[in-house]
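Secondary and tertiary structure notes
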Amino acid sequence: MKPCRWLLTILAGAALPGCTLVSVTEWNATQARNRALTEQNRAQLVEIDNLQDHCRLVENRMLGDERQLAALRERVRADQQELQSCRRDRDATDEPVRR
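Residues numbered from 1 in each chain as written. Predicted model: local features only at pLDDT ≥ 70, side-chain atom pairs only at ≥ 80, totals over all residues. Heavy atoms only, no water.

**Overview of the overall build of the chain**
Each helix and strand in the chain was counted, giving two helices and zero strands. Split into buried and exposed, the 99 residues of the chain put 0% on the buried side. For the chain, the exposed area adds up to about 9800 Å²; of that, 58% sits on carbon and sulfur atoms. (Helix = DSSP H or I, 4+ residues; strand = E, 2+ residues; numbered from the N terminus. Buried < 20%, exposed > 50% of the residue type's maximum accessible area, 1.4 Å probe, protein only. Areas by Shrake-Rupley, 256 points an atom, 1.4 Å probe, with all protein chains shown as cover.)

Here you go:
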């Protein structure tokens, strides 16, 4: 009966190659590394969230600046048209009057 158990143990070991025993030291080291990676992951998720918030803030600020720039360009265009009109009026009054 003992040879049969020994054979079953060998077959079970061959059938399940991933099932091995690890030392307590190796287990503890792996657990510590897992905890460190989990904490690093959480910190990176918080950083990503903060960066997304900052990105939205910068985009909103940029959109507001673009709107302001468009309004200023429109104002400059209107001022240039008014200046041209004033120059035409001035040039018209500076011409000598013909009789």
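**Things to note about the pattern of salt bridges**
Evaluation of the coordinates by the stated rule reveals three salt bridges. Asp-91 serves as the salt-bridge partner of Arg-90, at 3.3 Å between the closest nitrogen and oxygen. Judged by relative accessible area, Arg-90 falls into the partly exposed class, the value being 47%. (Salt bridge = Lys/Arg side-chain N within 4 Å of Asp/Glu carboxyl O.)

All we've got here are geometric facts, nothing functional implied.
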